[in-house]
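Residue strings, one per chain:
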Amino acid sequence: MVQFHNRRYSPDDRKLYNLFCVTEYVIRCCFALNNCFYSGFFMLEHKKYIQRTFELARKGMGKVNPNPLVGAVIVKNNTIIGEGYHEQFGGAHAEVNAIKNATESVEGATLYVNLEPCSHTGKTPPCSDLIIRNKLSKVVIAMTDPNPHVSGRGIAKLRNAGIEVVENVLQKEAEDLNRVFIKYITSKTPYIVAKWAMTLDGKIASHVGDSQWVSNEKSRDIVQDLRNEFMGIMVGVNTIIGDDPKLTYRKKNGRSPIRIVMDSKLRIPMDSYVITHREEAETIIVHTTNAPASKKEILKELGVQCIETKPVQEKVDINVVLEKLGERGIDGILLEGGGTLNFSAFQAGVIDEVITFLSPKIIGGKHAKTPVEGGGIHLMKDAIALEYINVTNVDNDLMIRSKVKKEG
């Protein structure tokens, strides 16, 4: 006889006990592997349908601002039975359209949506109530609502109604899609993207000012899409004086952004395209209190909108400007300014993202324009840090997307 666990067992008893332990372990492993398999399978399914919500959501670009981009997919018996997206500002939400478009009853189905269903009444009734009334059994969400006043409430309402909720599927991708909305809803100021095209040696124009064209046609086509995506486009007055740009969206079925000209001393020529063609897109001139009163009066008589700030080192206060633009519902701005305005914006810490089109060309020139000029940063340790997002080959141009690394 042997001593085992403070009791006396025969050798056969001990063998039997060990066999039982091994069998139990194997069974537990099988259950764990089985759970992992099914968990992984369902997660792949969730990601597939959430990716589809992203595709649908993008159809609302240029039409829903300052609302978020949202798409919804309804799946029943492994088949999509309904799809929808938020099509225009003030219109039905994605969940409403998906349920309306369903080819059969949505009872017991799963809803996939890239943003938490709303739980409050705005321009439309709460989507969470609609989901509950239609007896869907599960809701899979890419990200919660970033609005601090409502975040998580839609999810809580669904769970309290007995609906299963799966959260944070492809969350980072969802946040990137709605990066403009996230910044605006949490700060009430626009998301700022600085965009420029430059040669491989860092020039945006030759030493005589020629910039037609640094980038190729496909890159310029992407820029047009960006102009449709963002509500505002901002330039400095030197760009207006030197190039007299239209700053409009030039493709079909899109929206031209609101043109914002930073012009501290109101040097803008009265025959500038952005003033003489105001029917194509709204124009806002930003100036300081030091601007000539006579020029202010002329712009007022023409019906040109202006924003005035106190001067900061003889320039407009860009932080005040962004607050005022946010109050007007402008949620995102494409900054196409020259090197001076770009540096001022970086210096003020207001730029969130940089999109660079790098062209395989060399033009040289000591006095050729560069994308960020101004006074410059003295020490390398103080350089503005960017976080890499991605690089895309655009017909031999390189499109580089980077986010400005924020402190804290």
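Residues numbered from 1 in each chain as written. Predicted model: local features only at pLDDT ≥ 70, side-chain atom pairs only at ≥ 80, totals over all residues. Heavy atoms only, no water.

Caption draft 1: Layout of the side chain of Asn-65. Counting through the fold element by element, Asn-65 comes out in the loop between helix 1 (11-57) and strand 3 (71-76). A polar contact is formed between the side chain of Asn-65 and the side chain of Arg-255, at a distance of 3.3 Å. If we skip the residues at most four places from it in the chain, Asn-65 touches Phe-89, Glu-229, Met-231, Arg-255 and Asp-331. (Helix = DSSP H or I, 4+ residues; strand = E, 2+ residues; numbered from the N terminus. Polar contact = N/O pair within 3.5 Å; in protein donor to acceptor, adjacent residues only side chain to side chain. Contact = heavy atoms within 4.5 Å.)

Caption draft 2: Spotlight on the environment of Glu-407. Within the secondary structure, Glu-407 sits in the segment after strand 16 (397-404). Considering only alpha carbons, one finds Glu-407 and Ala-385, 22 residues apart in sequence, at a separation of 9.9 Å.

Caption draft 3: Molecular detail of the environment of Val-140. You can see Val-140 is positioned in strand 6 (residues 138-141). What Val-140 contacts, discounting residues up to four positions off in sequence, is His-46, Ile-50, Thr-110, Leu-111, Tyr-112, Val-113, Val-166 and Val-169.

Caption draft 4: Inspection of the sheet that holds strand 10 (residues 258-262) at higher detail. Spatially, 12-11-10-9-13-8-14-16-15 is the arrangement adopted by the 9 strands of the open sheet, whose pairing is mixed. Both edges of this open sheet fall to strand 12 (305-309) and strand 15 (386-394), since each of them pairs with a single strand only. Each strand of the sheet is rotated relative to its neighbour by a mean of 20°, with strand direction disregarded. Sheet topology places strand 14 (residues 353-359) next to strand 16; 6 bridges connect them, and they run antiparallel. (Pairing = 2+ DSSP bridges. Axes fitted to C-alpha atoms, helices over the stretch in contact; angles between N-to-C directions.)

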